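Secondary and tertiary structure notes
The primary structure of each chain is shown beneath.
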Amino acid sequence: MLDVWKYVVKMKAPSPVSYVSAILLIVFTAGVYKQLTLTQKTANNCEMTFMFEYPHFVEINVPMNRGKYNLYAYTEGQTMEKIKSMKFYGTPVIFIPGHSGSYRQVRSIASVNIRKMYHIQSNIKFDFFTVDLNEEYSAVFGGVLLQQTAFVSQCIDTIIKTYEHDYKPTSIILIGHSMGGIIAKGLFIDPLFDTNLVELIITLATPHRPLFLADHYMDSYYDQVEKIWGNGLDKPRSSFLSNISLLSIGGGHRDLMVWPCLTYTPHADVNALSLAIPGVWTSTDHQCILWCKSLVKSIVRVLFDSAESDSDDTIYEWRKKVSTYHFDKRSNGKWFHSNLHPVTVKLNEPNVIEWNETYKLQRSISLEKGTAMPIVIHLPLVEKSLNYEMTAEAVNIDYHDWVFSCKPDYRSKKHCLFGTNWSSNSTISVSKFMKRRHITLKLPDVHKLGHSNLVFKIKNTKKPTALNIDMYEASDRTNEITWRFWYGVFSRYLLWNVNVFETIQYKTILHGWPDSICMHCVYNVHMVPIKCSKKNHHAVSKFIVPWTQGILHGITSDSYVEPLRISLENIPLSNATNDPYLQFILDPKCNYRIELELSIMDTIGTIGLKYGLTFPSYIGIIILLVLSNQFSQLANSTKDDCSIYHNSLPSIIRVFKTLAITICFLTVMQNQWPNINKPIGGIDWLGHPLKAMIFSSLLYCITNSFMYFATVALWMMMLFWGKAINELLVRFIMKTLRKNATLSDWILYGFGKLPIAVSMIAILISYNTCGTVGLIISAFFYYFLLCTMVQDCIDQLIYYPIIFFKEYFMKGEKPGLNLSLTSIHLHFSLFLLWLLICGCHLPCSIEWARNYHHSKSLDPDPSLITSLILNTCAGIMWQMDIPKRNLKFYAQLSNLCIAASIILFLFCQTALFRIAPILTLVFVVITLHQCFSSWIGVQDSTDNQVSGANDKTPQKKVE
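The rules we used
Residues numbered from 1 in each chain as written. Predicted model: local features only at pLDDT ≥ 70, side-chain atom pairs only at ≥ 80, totals over all residues. Heavy atoms only, no water. UniProt positions renumbered as here; feature names shortened; annotations may be inferred. Helix = DSSP H or I, 4+ residues; strand = E, 2+ residues; numbered from the N terminus. Pairing = 2+ DSSP bridges. Axes fitted to C-alpha atoms, helices over the stretch in contact; angles between N-to-C directions. Contact = heavy atoms within 4.5 Å. Core = buried A, V, L, I, M, F, W, Y, C linked by side-chain atoms within 4.5 Å. Buried < 20%, exposed > 50% of the residue type's maximum accessible area, 1.4 Å probe, protein only. Salt bridge = Lys/Arg side-chain N within 4 Å of Asp/Glu carboxyl O. Polar contact = N/O pair within 3.5 Å; in protein donor to acceptor, adjacent residues only side chain to side chain. Parallel < 35°, antiparallel > 145°, perpendicular 65-115°, else oblique. Left-handed = near helix turned anticlockwise from the far one by under 90°. Nonpolar A, V, L, I, M, F, W, Y, C, P; charged D, E, K, R; others polar. Expected span 1.5 Å × (residues − 1). Patch = residues over 30% accessible without salt bridge, like charges linked within 9 Å, V, L, I, M, F, W, Y side chains within 5 Å. Areas by Shrake-Rupley, 256 points an atom, 1.4 Å probe, with all protein chains shown as cover. Phe/Tyr/Trp six-rings, centres within 6.5 Å; stacked < 30°, edge-to-face > 60°. Lys NZ or Arg CZ within 6 Å of the ring centre and 35° of its normal. Disulfide = S-S within 2.5 Å.

Take the UniProt feature "transmembrane region" (unreviewed entry) in the protein next. What UniProt calls "transmembrane region" (unreviewed entry) maps, in this numbering, to residues 16-33, 611-631, 690-709, 746-767, 773-794, 815-837, 893-912 and 918-938. Helix makes up 100% of residues 690-709 and strand 0%, and the two end C-alpha atoms of the span are 29 Å apart. With 75% helix and 0% strand, residues 893-912 has its two end C-alpha atoms placed 24 Å apart.

A few words now on the sheet that holds strand β6 (residues 198-204). Pairing in this open sheet of 8 strands is mixed, and the strands run β1-β2-β4-β3-β5-β6-β7-β8 from one edge to the other. One side of each edge strand has no neighbouring strand; the edge strands of this open sheet are β1 (55-60) and β8 (270-273). Adjacent strand axes in the sheet meet at a mean angle of 25°, parallel and antiparallel pairs treated alike. Here strand β3 (residues 91-96) runs beside strand β4 (residues 126-132); their pairing, made up of 5 bridges, is parallel. Note that in β4 the partner of Val-93 across the bridge is Phe-128. The strands touched by helix α11 (residues 315-327) are β6, β7 (245-250) and β8; relative to β7, the strand with the most contacts, the crossing angle is about 15°.

On to the nonpolar core, then. Counting residues in each nonpolar core, the largest one holds 191 residues, and the members touching the most others are Ile-156, Phe-188, Phe-543 and Phe-584. With residues near it in sequence (within four places) discarded, Ile-156 still touches Ile-94, Ile-172, Leu-174, Leu-187, Phe-193 and Leu-197. Judged by nonpolar contacts, the second largest core, of 45 residues, contains Tyr-74, Phe-128, Leu-200 and Leu-247.

Here we come to the pattern of salt bridges. The full count for this structure, using the stated rule, is 16 salt bridges. With its nearest N and O atoms 3.5 Å apart, the salt bridge here joins Asp-602 to Lys-34. Taken together, the positions of Asp-602 in helix α13 (residues 600-611) and Lys-34 in helix α2 (residues 16-36) put the pair 568 residues apart, joining distant regions of the chain. Owing to a relative accessible area of 9%, Asp-602 belongs among the buried residues under this scheme. Note that Arg-115 and Glu-53 form a salt bridge whose closest N and O atoms lie 2.7 Å from each other. Taken together, the positions of Arg-115 in helix α5 (residues 107-120) and Glu-53 in the loop between α3 (38-41) and β1 put the pair 62 residues apart, joining distant regions of the chain. For Glu-53, a relative accessible area of 28% translates into the label partly exposed. Linked by salt bridges that have partners in common, Arg-492, Arg-593, Glu-595 and Glu-597 make up one network.

Right, let's talk about helix α7 (residues 179-186) for a bit. Summarising burial for α7: 8 of the 8 residues are buried, a large majority. Looking only at α7, the buried set comprises Met-179, Gly-180, Gly-181, Ile-182, Ile-183, Ala-184, Lys-185 and Gly-186. Next to the buried residues of α7 lie β3, α6 (145-162), β5 (172-177), β6 and α8 (216-229).

In this structure, His-267 sits in the loop between α9 (260-263) and β8. His-267 gets classed as buried once you look at its relative accessible area, which sits at 12%. His-267 sits 19 residues away from Ser-248 along the chain, and the two C-alpha atoms are 9.8 Å apart. In this structure, His-267 is in contact with Lys-185, Trp-229, Gly-230, Arg-237 and Leu-246, ignoring residues within four places of it in sequence. From its side chain, His-267 meets the backbone oxygen of Trp-229 in a polar contact 3.5 Å long. Polar side-chain contacts of His-267 include one of 2.9 Å to the side chain of Thr-265.

With that out of the way, let us pick up the packing of helix α14 (residues 615-636) against helix α21 (residues 822-840). It is the contact of α14 with α21, at a shortest axis distance of 10 Å, that shows an interaxial angle of 160°. Here α14 is positioned roughly antiparallel relative to α21, judged by the angle of their axes. Note on packing geometry: the crossing formed by α14 with α21 is left-handed. Between α14, through Pro-616, Ile-619, Gly-620, Ile-623, Leu-624, Val-626, Leu-627, Gln-630, Phe-631 and Leu-634, and α21, the contact on the second element is made entirely by Thr-822, His-825, Leu-826, Ser-829, Leu-830, Leu-832, Leu-833 and Leu-836. Class assignment for the residues of the contact of α14 with α21 results in 13 nonpolar, 5 polar and no charged.

Another aspect to go through is the packing of helix α15 (residues 652-672) against helix α16 (residues 689-720). Relative orientation of the contacting elements α15 and α16 amounts to 140°, with a least axis distance of 10 Å. Relative to α16, α15 is oriented oblique. Classified by chirality, the crossing of α16 by α15 is right-handed. Contacts from Ile-652, Val-655, Phe-656, Leu-659, Ala-660, Ile-663 and Thr-667 in α15 reach Pro-689, Ala-692, Met-693, Ser-696, Ser-697, Tyr-700 and Cys-701 in α16.

Bringing helix α19 (residues 756-768) into the picture now. Along an α-helix, residues three or four positions apart point the same way, because every turn accommodates 3.6 residues. Taking 1.5 Å as the rise per residue, α19 with 13 residues should run 18 Å; its terminal C-alpha atoms sit 19 Å apart, in good agreement. Along α19, the positions that sit buried rather than exposed are Ala-757, Val-758, Ser-759, Ala-762 and Ser-766.

So, on to unusual backbone geometry. Along the chain, Asp-859 connects to Pro-860 via a cis peptide bond; the corresponding omega equals -5°. One can find Pro-860 in the loop between α22 (842-850) and α23 (864-877). For the peptide bond that leads from Ile-882 to Pro-883, omega is 0°, which places it in the cis range. Within the element layout of this structure, Pro-883 appears in the loop between α23 and α24 (890-907). With a phi angle near 55°, Ser-100 is a residue other than glycine that sits in the positive phi range. Within the element layout of this structure, Ser-100 appears in the loop between β3 and α5. Of note in the backbone geometry, Met-434 takes a positive phi value of approximately 65° without being a glycine. Tracing the backbone through its elements, the reader meets Met-434 in the loop between β16 (427-429) and β17 (436-442).

On the surface, Val-20, Leu-24 and Leu-698 cluster together into a nonpolar patch covering about 210 Å² of accessible area. Of the residues examined, Leu-698 reaches a relative accessible area of 31% and is grouped as partly exposed.

Here we take up the packing of aromatic side chains. For the structure on display, the rule yields 37 aromatic pairs. Their ring planes at 80° and their centres at 4.7 Å tell us that Tyr-89 and Tyr-167 sit as a pair that is edge-to-face. Note that Tyr-89 is positioned in the loop between α4 (80-84) and β3 and Tyr-167 in the loop between α6 and β5, a separation of 78 residues in sequence. Taking 5.8 Å as the distance between ring centres and 75° as the angle between the ring planes, the aromatic pair formed by Tyr-782 and Phe-831 counts as edge-to-face. With Tyr-782 in helix α20 (residues 771-811) and Phe-831 in helix α21, this residue pair connects regions lying 49 residues apart in the sequence. For the pair formed by Tyr-782 and Phe-831, the shared burial category is buried. Cluster of aromatic residues (ring-pair linked, three or more members): Phe-781, Tyr-782, Tyr-783, Phe-784, Phe-831, Trp-834, Trp-878 and Phe-923. Just above the ring of Tyr-560 sits the side chain of Lys-432; from NZ or CZ to the centre is 4.3 Å. Cation over ring: Lys-856 sits above Tyr-852, and NZ or CZ is 5.1 Å from the ring centre.

Per the counting criterion, the structure on display carries 4 disulfides. Each sulfur of the disulfide joining Cys-406 and Cys-416 lies 1.9 Å from the other. Because the sign of the S-S torsion sets the handedness, a value of about 65° for the bond joining Cys-406 and Cys-416 places this disulfide among the right-handed ones. Note that Cys-406 is positioned in strand β14 (residues 403-406) and Cys-416 in the loop between β14 and β15 (418-421), a separation of 10 residues in sequence. For the pair Cys-406 and Cys-416, a shared accessibility class is recorded, and that class is buried. In this model Cys-532 forms its disulfide with Cys-590; the gap between the sulfur atoms is 2.0 Å. Between Cys-532 and Cys-590 the sulfur-sulfur dihedral comes to about 115°; the bridge is accordingly right-handed. Here Cys-590 lies in strand β29 (residues 590-598) and Cys-532 lies in strand β23 (residues 523-532), a separation of 58 residues in the sequence. Cys-590 gets classed as buried once you look at its relative accessible area, which sits at 1%. Sequence-ordered numbering of the bonded cysteines in the protein gives a disulfide pattern of 1-2, 3-4, 5-6, 7-8. Not part of a disulfide, Cys-931 finds its nearest cysteine sulfur in Cys-873, a span of 9.3 Å. Of the residues examined, Cys-931 reaches a relative accessible area of 30% and is grouped as partly exposed.

Written out as structure tokens, the structure reads:
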């Protein structure tokens, strides 16, 4: 077998760069594996929502229904009979499932809403409807998006007509999960759709930017949605959408299907991540976001609070206040109302213990057993505090209003009769024990009001209570670091060394991170307690990005440590000027070391998942460069020689030179026409030359190493398992046609001798089912042909000693062994090209199989034209002996492959649907060149050198 490998494969030893690429591939794979298993290795802190009564889904007939979609009304318990009789009285809420989503996923939100309605005895009522979209794969096949949108639009009309006249709703609420959120936004594409019907859209884990563009239908749909909703920069939201509230909620780093950078949209009124929502503070995966109890409760509170307003605000402004309170800046209670924090509050209440504080800048008040009477603390401000800030932490203080500023009464000169309420500026904070609220005030804002005192209130309680106050000069507690991505690589980078007690607030501004090379690098921030004067301690770290989705938290306490995980998910808008920063609220009884550490494996895994979507384009680039070298070898040789795939790989120096030149064109193109390559997934570096060079080189090396090992595996299968593959195909034909093995073997033999029959069968199957199915059938047959060709060469080697003995000893002639492997090598490269085209169209076959019981053919089918063209070309090429000897224009074919690889790099890294047409065109040109060889003519033997040819490795005959 080793001799077979030596004589048939003839593979050169790998270069040192190949070993480096292999190491990169291994590290890359390990990082991606760690990210993919993140949800299994880390605890899910979400509590499951439970059903109190059995759910029922009542089907509602929708006119013009295509049959595969349905509409249901959700009900449980006491409302079941009323819903079955089609009597609705509340505001309709329509749930739209996403990619492979079920209409039953509405249960958690609908059930909690019904329980809440009974619990608070509210007059506000909601009717929940859910759309069955046949669990279609809408995230990978855009051909269903317009169909789903049209059906949801029909559902809205049907729901409105279902209500009796006295209860007919004036508006509805849409809740979309995953791609369901895009469908909700896409309703407004239709100019006939009544935009006044929708008042609120809540999207859950929705990719507002496409994860990847698998077909032009998806590309067109996102373009139409962006056209009316805007992009936050040069395209504003359309005026007819100005009164629609859009809330976008993402799951955070545990959601490996829709990353945080995709759930952010600049035209949303509120963008939030579940791990930043007050009271939730945990990351959710793609399905968990629908049943996470704390998150579902927050959504239900938004629905109830936004349904009724007692303020003078417009409905749109009121909904924005409500959603901002619940999803971003919740200051205390679970419910929001207009008078939650009165602007002016009376301070001189009776039966109050008053503490008149001195001018001490730091105070910590701890009441282990609570207090029998309310306490009011007056903190005078000195004149030098104009450049100061004040941070306070309230522990177990149940007052809605607890921090004020005032000017002492001119008679008492100490106490204030009334104060300005600053409690709305406070936010509840994540905590492992006892409730905590934090507030930071700039004292110049207090002085502008003419106030000279800060006042704090502590409610009478039996619970342990504490109040920590820290007044400081802002510059003393703020440091600014110019961001470098290598911080924390080899050892933890020190941010703060806090060696004094009583101080609680520190801040680190991360300047220049959005412009750094590795924006998506993942870091952990550690707060390490060095010395504590008490056993129980608690500190919180916060990561604030001004232009994105809320505040992320980390915790360090005596019983629990959770480092703050930070990563910059989104690039700032053009008008964003503030840098992201870290804020630390420390325990005043402890000293801390605050350190930054780069999480290398998390970074590699994150980059792999986000940038890995470009792999198909790099695979295409590598195959085209190999074909270019093989055609160049044919142009430079008087024989029909071209080397094996592995020996035809271009040199790494040549690749980097080509990349450098191409990236210059890419940068100019992105700056002039930014919409040509849209930022999909996490790929947003195509317009930055340095980033593009680094990541493109890295991705090329990793993809090249992957292809090296994959092609070696394919060759080993052809060499050692060729007969096994033949037997599998025979058995497949036996089961399909229900014939015996002999007849199946003859059928397979006939296909091998007349492969055009397979091509014709594939064309018929493509036309009547799905184009990708025809491509896959031809791909299996193509591999069978390659195995047959390799087995023929092996048979020649095995039987050569017998032939040699017969010819030499009986006839006196020494026979030669001429193994021409050029045809195998060229066909192998074309086979790889075919496999890549199949992979690009694979979502079509998945969707076709998913909907097979509804329709035998896929409509629309983006892969049909490609399949018809390629199978026609294959039927011609399989009948010929290629490559033809000494044909003209092999050098031009080589240049064509290089040009196609550059086009793939420029236009296909973010638009995967462009790959297949380009590769199909290359396949067609190669077929035409070989097919019309008699017209093309033979090149002169003297003119067999082509400028620019490289990697010439002519094959030797085995004697």
